[in-house]
Amino acid sequence: MNLFFKIMWWAGAIAAIYVIAQVLPPLLSSKKDISQVCFYQDYERCFSVELAKTEAERENGLMFRESLDEGKGMLFIFDRDGIYPMWMKNMQIPLDMIWMDKDGNIVFIKENVQPCGEEECQSITPTKRAYYVLEIKSGLVDAYRLEVGNRASFK
């Protein structure tokens, strides 16, 4: 009986190590290696993205940009899911903002967000927890028929 438990313990430990070795590297690397966010409606629509992973990168975002091409965007990546308000301080172009959970499911969308005035800059606060926020050129959420519940893939 004692030998049986030892064998079962080692088998369980080996299985756990195997699962961790298979699952953990993609989870860790996916956060660092994303270059595209893609949605599939009638066909695949992908955005080449700049990443905002650190607090400083997230604070600067797309500030002072004079334009944003249709196939481009900025992906904000957070360390854990949460309610992440966004704002348009020092922005010059309107944007569509898409909040996604860690599986890439769209949980909240705000379209045609206008740059702040010089006096007041209000935050856009989602109603759902998210892990990512994608900022793209204004009008593309509607043009691509993106909606809450759609899922993104990260490449």
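Everything below is about the structure printed above this text.
Below you will find a few notes about this structure. It should be emphasised that the depicted structure is a prediction, and the values quoted were computed from it without experimental measurement.

Concerning the overall build of the protein chain
Of the regular secondary structure elements, the protein chain holds three helices and seven strands. In the protein chain, the order of α-helices and β-strands from amino to carboxyl end is α-β-β-α-β-β-β-β-α-β. Taken over 155 residues, the protein chain has a buried fraction of 35%. The contacts of the protein chain with a sequence gap of at least 6 include a subset with a gap of at least 24, amounting to 69%.

Re unusual backbone geometry
Within the chain, N90 stands out as a residue other than glycine whose phi angle is a positive 60°. Along the chain, the position of N90 falls in the loop between β3 (72-82) and β4 (95-100). With a phi close to 55°, R145 is a non-glycine residue in the positive phi region. Along the chain, the position of R145 falls in the loop between α3 (140-143) and β7 (152-154).

A few points about the environment of K137
By the secondary structure assignment, K137 is in strand β6 (residues 130-137). You can call K137 partly exposed: its relative accessible area is 36%. Taking the C-alpha atoms as reference points, K137 and E70, separated by 67 residues in sequence, lie 6.0 Å from one another.

With respect to the environment of G117
Structurally, G117 can be placed in the loop between β5 (106-113) and β6. Taking relative accessible area as the criterion, G117 reaches 47% and is therefore assigned partly exposed. Note: C-alpha distance between G117 and M91 (26 residues apart in sequence) is 9.5 Å.

Conventions adopted
- Residues numbered from 1 in each chain as written.
- Predicted model: local features only at pLDDT ≥ 70, side-chain atom pairs only at ≥ 80, totals over all residues.
- Heavy atoms only, no water.
- Helix = DSSP H or I, 4+ residues; strand = E, 2+ residues; numbered from the N terminus.
- Buried < 20%, exposed > 50% of the residue type's maximum accessible area, 1.4 Å probe, protein only.
- Contact = heavy atoms within 4.5 Å.

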